[in-house]
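Residues per chain are reported as follows:
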Amino acid sequence: MTINIDKPGQGAGPVLDIDRLKVTFATDAGDVYAVKDVSLQVNPGEVVAIVGESGSGKTVTAKTILGLLPETAISQGAVLINGNNVISVSEAKLREIRGRDVAMVFQEPSTALNPVFTVGWQIAEGIRAHAGTGGRSKVSAKEAKARAIEALRKVGIPDPETRVNYYPHQFSGGQKQRVVIAAALALNPGLIVADEPTTALDVTVQAEILELLRDLRDNYGTSIVLITHNMGVVADLADRVVVMYQGDVVEEASSRVLFAQPKEDYTKKLLAAVPHLGRNSASEGMVERAHQGGKVLVEAKNLTIEYPGRLGSPAFKAVDGVSFTVSEGEVFGLVGESGSGKTTIGRAIAGLNRTTGGSLNVLGYEMLNFKERTFKPLRKEIGFVFQDPAASFNPQLTIGDCVAEPLIIHSKPTAAEARKRVGELLESVQLPASYADRFPHELSGGQRQRASLARALILNPKLLIADEPTSALDVSVQAVVLELFKEIQQEFGFACLFISHDLAVVDMLSHWVGVLYKGKMVEQGLGNQVMGNPQHDYTKKLIASLPVPDPDEQARRREAFKAVLHS
Amino acid sequence: MTTLTEAPLNDADGLLPSKKKSSGGGLGTYILVRFFLIIPTIFILVTLVFFLMRVIGDPITAAQGGRLPPEALAQRIHEAGYDRPILVQYLEYVGQVATGNFGTTITDRRPVVEMIITFGTATLELAINALIVALLVGIPLGLISAYKRDKAPDAVLRFFAILCYATPVFFAGLLMKLAFSVWLGWLPVAGRASTRTELAMGSLAAPTGIYWLDALRSGNMAAFGDVAAHSVLPALTLGLLTAGVFLRLVRTNVIGTLGKDYVEAGRSRGVSNYRLVTKHAYKPALIPIITVMGLQIALLLGGAVLTESTFEWKGLGYQLVQYLNARDFVAVQGIVVMLAVIVAVTNFIVDVVAALIDPRVRY
Amino acid sequence: MNATKVSGRKQPLFYRLPVISHFRSSVGLQRGMLVTGLVLSVVFLLVAVFAPWIAPYGFAQLSDAAGPFPTQQPPSPAHIWGTTVGGYDVYSRVLWGAQTAAVVIIVAVAMSIFLGVALGLVSGYFGGWLDRVFVVIADAIYAFPSLLLAIVMSIVISHGQSSFWGGIVACSISISVVFVPQYFRVIRAETIRLKAEPYVESAKVVGASSIRIMGRHIFKNATRTLPLIFTLNASEAILTLAGLGFLGFGIEPTSAAEWGYDLNKAIADASSGIWWTGVYPGTAIVLTVLGLTLVGESINDLNDPRLRGRKKAVAGKGGPDSTAGAQAALEAESRVL
């Protein structure tokens, strides 16, 4: 990877110059300072990443660059783009700047495209909005369309002449994001603000989009402001990194320097919290599958789960002939991208989904003949941790009530007994026992996820199903929760099905790993073997796509994996 | 007086998934499935109305009881078959309805279908006029309200919308009569047309029954002017009620879509606010708007009954009240079932139109 | 993070608490709407309760010590809003009409809430063929002009005309037949949505019974929108009642005062320029419906559950409307996977 802080052949001045930016949101209860003091420059052809966790002000900063903040926001300072201060220019001038000098790529491509207009129309809208202003002549519909086709071709949409007339739902997720980028490129702006451009995408698609963004910079000299929380993405793409924390810039350095020698404590902590594939593996040093002496708790044989199709359309096979076992005390990591069927399997084991074929044996119970009444006694042996900690607690009940619920249902304790047990559990997940009296919304995301773990473990179950338990959390919170999870698993000794899309996270916790792809188990083995020496092509691609938080290593990987990625 | 509650239920995205799912094989399947859904709806309403009306007793006794001697009454009941088991009568009625036969009225002994066609055109005319008013007033004002959200024009328009809804049509009609007919003397007090025009319209060869259309076709401009003058107040009365609901509907849904990422994406490309509201936000909002508008046909018909009574507009609603007062339940049943069919079919058409706008269903 | 303990969550005053909390979180225009609505609604309720004391005459009174009332007399000191063609005192009948309207609303809405909520919960939670049957029936009734349905019902129940309580019950039942499907739809939709919420699923996973899940986890959360539907339906109930009365299927004038009936009689008066018989009862309807609708609309605005939830979770402050933008921006930050 080459780092061009000043790419030759471009104008000398920065394309974006933010000077002492301050953004305040006026609310009834007083002002909320979203951005306190941010200054940064972006040079032509440079990729600058703004990194931070939730509440850091990175998205607000990004929106300020295009003047997209709501009216309740008050901005101070200066945001200069080609000599225009976005904060103080008129609405008309702002419209001219948007799209022509600076454009935006959004996080969620499926919502950033209007479902009822063709993609060509949407791209042309931007082109026509600038026709007739700033010395440009009017653009005919035909010409606008031709330019839309050109933009689509630039971002690698095959057969753009046809696809220009397609509606967004006719594209896949990755293609949609390409279309969004095409719309941003339509007027060749010198600067693109990409707000979490790959967060909503699967890791293999993320790799393609990152490559596209890199090509844009290399071929057209477009500067990019990359807003992200993902240090792997930063290491892969950014030349320079600005770390933000609670509205302030904590540290700014070139990408290499930042990852190699972070100066500030916050940056160090943040980098240490990022899971790094191949480091800290739970199966490190193992050569054969552990825990095989114990009882088999879950056994799937040729398991098939179909969702019925509607009115003549064929049934959708979410899980297709999957076989695996989970033994006592074992952590089984199930990894796959969206639509791989991993969540469906977890839900089927907990009796939330019905199985339709093959065999799924859970604690001696055949799920093919599932009846709530007969399965109920087994439920106390199964704990479940959901992905979204905010939604997994009844907002009307206290944390104590929620955590105690399994206990109350299965063993009918006295109030004092229940309270005591809840207190113990909360303490073992490192929450003060007094939190039992709080309501869910009074806890932070990480605290809620710990309480969720306490609820799952209160009956001392033999089996725990954790469905993406940390993917809704900030990376530093995730690190703490994962560490806690590891400790508790060793202490309680339950078996666990750990479901995640994140290879590095799965590897940190699991002894045995299964890789799912489109409902099929393509590979399973020891964590270190699957990650270190993948056998199946899909696993290889998955691992090759995952960016590691180290620019040099990532650059090497990118070269080495080029062939795999384009297969 | 249905509604005001359904807009929050059918928010912008609420309707789409179900439609998407049921589409399965695309638009054709969707239309087919949606069409077959009409049948249970009509069937349930026919059943409901039939049994409800029979709870009171047989229609002949209801209409003629006390006026005819008991023997004659029994004779007529027997002739009409009302002394048979209720289930037999029900099955017969369902069969008749399925073949388009609604029976004969008891009081004036007319075939119900003929009566419905005669008076239905007047109601249709009123409904069309009102719908034009509602669309012309409701949609643009709703867009303005959404565009100026939480500013003075929005406040005024929202208040106007609630006022339109809060004013019963017969009171609105009364106020308009007082103002424009009695005090200002600009417009006629009641009726569809003056006697002279009624006669002229009646003597036409192949009338559509919709007066302004007939007047135009026969080139009788004096009649057209007369019809137009008579139409203004009823159309405004019924139209403004519906306009209030439309305004609110457009406002809510456009505000919903204005908050979507794709509108911000448009803004980030320099698209003007005007265009963002009228194109980028309006078209996706149209799908739920049209669907809910379809449900307002019930409101419109309910309002038409009251409007017709207020303005002595001799349509189905006016006639329904006459038959109700005469306790002619065969006629009442016929009109009510007919209105149910109209509602069901309109909702079907509206859903198909909404599906046509939505490319996710179309492709 | 808002760390103070929220008190009063047990909500002993189920209906009043939401309105008060809405009032406190409202600002500017919205507060104006809410206050106007509340004032109108409170005045309506006060008049309804105290009508016997405020009204100078009875609703069916045709004469006093000074002899029979004149008919169609314009407003005068003795009859400040004039008299009707039948010789009733308009002012008194308008006041008494509030009482009739209030009683009908309460009876009708109470009946329909009870039935609609129960059916909606069961239907939404269990699904299956019973649910489908309920939905088709509810949709059929829902799509039908409610006024016509109410007329048919009122004929069935009371043959069209009746006494005070008979008429009230008949009207209330007719109106609830129209409303049950609405409550059913709302509660069912909410139940289905909540059924997929992780906290309900987590109760299922730990083995909670269906009754426990419905009672403890779904009921309270699904019925949070009821105050809103209540106010909107109350206004609809008044309009339906007035519509029935206007068409002559309401309550006998000698049994109770009813605004719709009085307006029916006033239509003929209007043609001859007699305005006072129609304008006063009509205005009473408009103001009452306006008040209730304004309260409902304001609650609806302030009630966006998504905003409300986030408000607590993210910033824990501010009214949702003014901070919507700020919330959206902050939300975008926390949405990151």
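Residues numbered from 1 in each chain as written. Chains lettered and ligands numbered in written order. Predicted model: local features only at pLDDT ≥ 70, side-chain atom pairs only at ≥ 80, totals over all residues. Heavy atoms only, no water.

Caption draft 1: Quick peek at the overall build of chain C. Assigned secondary structure in chain C consists of 13 helices and two strands. When the 337 residues of chain C are sorted by exposure, 57% land in the buried category. The contacts of chain C with a sequence gap of at least 6 include a subset with a gap of at least 24, amounting to 72%. (Helix = DSSP H or I, 4+ residues; strand = E, 2+ residues; numbered from the N terminus. Buried < 20%, exposed > 50% of the residue type's maximum accessible area, 1.4 Å probe, protein only. Contact = heavy atoms within 4.5 Å.)

Caption draft 2: Structural view of unusual backbone geometry. All names here are of chain A. Even without a glycine there, the phi angle at His 291 is positive, about 60 degrees. What makes His 291 partly exposed here is its relative accessible area of 34%. One non-glycine residue, Leu 363, adopts positive backbone phi at about 50 degrees. The topology assignment puts Leu 363 in the loop between strand E14 (357–362) and strand E15 (365–366).

Caption draft 3: Here's a closer look at the interface of chain B and chain A. Contacts between chain B and chain A engage 27 residues on the former and 33 residues on the latter. Buried area between chain B and chain A, both sides added, is near 2,700 Å², and the carbon and sulfur share of it is 59%. Per-residue buried area on chain B facing chain A is highest for Glu 264, Ser 268 and Arg 269 of chain B; these three make up 25% of the total on that side. Here chain B and chain A share two salt bridges between them. One salt bridge in this structure joins Arg 275 of chain B and Glu 125 of chain A, with 2.7 Å as the shortest N-O distance. Put simply, chain B and chain A have ten residue pairs in polar contact (both at pLDDT 80 or more) between them. At the level of secondary structure, the elements contributing two or more residues to the side of chain B that touches chain A comprise helix H2 (16–23), helix H13 (261–268), helix H14 (273–311) and helix H17 (359–362) of chain B. At seven residues, H14 of chain B tops the list of elements feeding residues into the side of chain B that touches chain A. (Buried area = accessible area lost by both parts, 1.4 Å probe. Salt bridge = Lys/Arg side-chain N within 4 Å of Asp/Glu carboxyl O. Polar contact = N/O pair within 3.5 Å; in protein donor to acceptor, adjacent residues only side chain to side chain.)

Caption draft 4: Molecular detail of the sheet that holds E14 of chain A. Residue and element names in this part refer to chain A. An order of E12-E11-E14-E15 is seen for the four strands of this open sheet, with the pairing classed as antiparallel. Edge positions in the open sheet fall to strand E12 (316–327) and E15, since each of these has one partner strand only. For E14 and E15, the ladder comprises two bridges, and the chain directions are antiparallel. What sits directly across from Val 362, in E15, is Tyr 365. (Pairing = 2+ DSSP bridges.)

Caption draft 5: Inspection of the pairing of strand E19 (residues 512–517) of chain A at higher detail. All names here are of chain A. With five of its six residues buried, E19 lies for the most part within the structure. In this structure, strand E13 (residues 331–335) lies alongside E19, joined through four bridges in parallel fashion. If you follow Phe 332 over to E19, its bridge partner there is Trp 512. Here E19 pairs with strand E20 (residues 520–526) via six bridges, running antiparallel. In the sheet register, Leu 516 faces E20, and the bridge partner there is Met 521.

Caption draft 6: Region of the structure containing the interface of chain B and chain C. In this complex, chain B contributes 58 residues to the contact, which on the side of chain C involves 57 residues. Seen at the junction of chain B and chain C, the total is zero salt bridges. At the junction of chain B and chain C, the tally comes to zero residue pairs in polar contact (both at pLDDT 80 or more). Its residues assigned to classes, the side of chain B that touches chain C shows 40 nonpolar, eleven polar and seven charged. (Nonpolar A, V, L, I, M, F, W, Y, C, P; charged D, E, K, R; others polar.)

Caption draft 7: How the structure looks around the nonpolar core. Grouped together as the largest cluster of nonpolar side chains are 147 residues, with contacts concentrated most on Ile 151, Leu 247 and Ile 285 of chain C. The leading source of residues in this core is helix H3 (residues 90–126) of chain C, at 15 residues. When residues no more than four places from it in sequence are discounted, the contact partners of Leu 247 of chain C are Val 305, Leu 306, Ser 309 and Val 321 of chain B together with Leu 147 and Ile 151 of chain C. (Core = buried A, V, L, I, M, F, W, Y, C linked by side-chain atoms within 4.5 Å.)

Caption draft 8: Focus on the sheet that holds strand E17 (residues 463–467) of chain A. Residues and elements named next belong to chain A. The six strands are arranged E16-E17-E18-E13-E19-E20 in an open sheet whose pairing can be described as mixed. Only two strands of the sheet have a single partner each, and these edge strands are strand E16 (382–385) and E20. With strand direction ignored, the average angle separating the axes of adjacent strands in the sheet is 15 degrees. With five bridges joining them, E13 and strand E18 (residues 495–500) adopt parallel strand pairing. Each bridged residue has a counterpart across the sheet, and for Val 331 the counterpart in E18 is Cys 496. The strands that helix H17 (residues 475–492) touches are E13, E17 and E18; relative to E18, the one it contacts most, it runs at about 160 degrees. (Axes fitted to C-alpha atoms, helices over the stretch in contact; angles between N-to-C directions.)

Caption draft 9: Up close: the packing of helix H5 (residues 146–158) of chain C against helix H9 (residues 226–247) of chain C. Residue and element names in this part refer to chain C. Contact pair H5 / H9: the axes reach a minimum separation of 10 Å and the direction vectors enclose 60 degrees. One finds that H5 runs oblique with respect to H9. Crossing handedness for the pair H5 and H9: right-handed. Along its contact with H5, which presents Leu 147, Ala 150, Ile 151 and Ser 154, the element H9 presents Thr 240, Gly 243, Leu 244 and Leu 247. For the contact of H5 with H9, the residue count by class is five nonpolar, three polar and no charged. (Parallel < 35°, antiparallel > 145°, perpendicular 65-115°, else oblique. Left-handed = near helix turned anticlockwise from the far one by under 90°.)

Caption draft 10: How the structure looks around the packing of helix H7 (residues 112–147) of chain B against H14 of chain B. Residues and elements named next belong to chain B. The interhelical angle for the contact between H7 and H14, taken along N-to-C directions, is 145 degrees, at an axis separation of 9 Å. Crossing of H7 over H14 shows right-handed handedness. Taking contact as the criterion, the partners of Thr 123, Leu 126, Ala 127, Ala 130, Leu 131, Leu 135, Ile 139, Leu 143 and Tyr 147 in H7 are, on H14, Asn 273, Tyr 274, Val 277, Tyr 282, Met 293, Leu 300, Ala 304, Thr 307 and Glu 308. Here the residues of the contact of H7 with H14 sort into 14 nonpolar, three polar and one charged.

Caption draft 11: Region of interest: a nonpolar patch on the surface. Residues and elements named next belong to chain C. A surface patch of nonpolar side chains, amounting to about 620 Å² of accessible area, comprises Val 42, Leu 46, Val 49, Phe 50, Trp 53 and Ile 54. Mapped onto the secondary structure, Val 42 falls in helix H2 (residues 28–54). Using a relative accessible area of 46% as the deciding quantity, one classes Val 42 as partly exposed. (Patch = residues over 30% accessible without salt bridge, like charges linked within 9 Å, V, L, I, M, F, W, Y side chains within 5 Å. Areas by Shrake-Rupley, 256 points an atom, 1.4 Å probe, with all protein chains shown as cover.)

Caption draft 12: Region of interest: the packing of aromatic side chains. On inspection of all chains with the given rule, the structure shows 25 aromatic pairs over all chains. Ring geometry for Phe 50 of chain B versus Phe 51 of chain B: centroids 5.3 Å apart, planes at 85 degrees, classification edge-to-face. Their ring planes at 80 degrees and their centres at 4.9 Å tell us that Trp 81 of chain C and Tyr 91 of chain C sit as a pair that is edge-to-face. Of this pair, Trp 81 of chain C sits in the loop between strand E2 (67–68) and H3 while Tyr 91 of chain C sits in helix H3; the two residues are ten residues apart in sequence, bridging distant segments of the chain. An aromatic cluster of three or more residues is present, and its members are Phe 485, Phe 492, Phe 494 and Phe 498 of chain A. Above the plane of the ring of Tyr 435 of chain A lies Arg 438 of chain A, whose end atom (NZ or CZ) is 4.2 Å from the centre. Lying over the aromatic face of Phe 393 of chain A, Arg 455 of chain A brings its terminal NZ or CZ to 4.4 Å of the ring centre. (Phe/Tyr/Trp six-rings, centres within 6.5 Å; stacked < 30°, edge-to-face > 60°. Lys NZ or Arg CZ within 6 Å of the ring centre and 35° of its normal.)

Caption draft 13: Layout of the pairing of strand E10 (residues 248–254) of chain A. Residue and element names in this part refer to chain A. In the sheet, strand E9 (residues 240–245) pairs with E10 via six bridges, with the strands oriented antiparallel. Across the sheet, residue Val 241 finds its bridge partner in E10, namely Ala 253. The antiparallel pairing of E9 with E10 creates a hairpin that spans two residues between the two strands, and Gln 246 there sits at a positive phi of about 50 degrees.

Caption draft 14: The arrangement of the environment of Gly 317 of chain B in detail. All names here are of chain B. Here Gly 317 is to be found in helix H15 (residues 316–325). Considered as a pair, Gly 317 and Val 336 are 19 residues apart in the sequence and their alpha carbons are 9.8 Å apart. Those residues within four positions of Gly 317 in sequence are excluded, and the remaining contacts are Thr 123, Val 305 and Glu 308.

Caption draft 15: Region of the structure containing H13 of chain B. Burial within H13 of chain B is extensive, with six of its eight residues counted as buried. Taken residue by residue, H13 of chain B has Tyr 262, Val 263, Glu 264, Ala 265, Gly 266 and Ser 268 of chain B as its buried positions. Packing partners of the buried residues in H13 of chain B comprise helix H1 (58–65), helix H2 (91–100), strand E6 (102–105) and helix H3 (109–112) of chain A together with helix H12 (221–258) and H14 of chain B. Following H13 of chain B by one or two positions, Gly 270 of chain B has its phi on the positive side, about 90 degrees.

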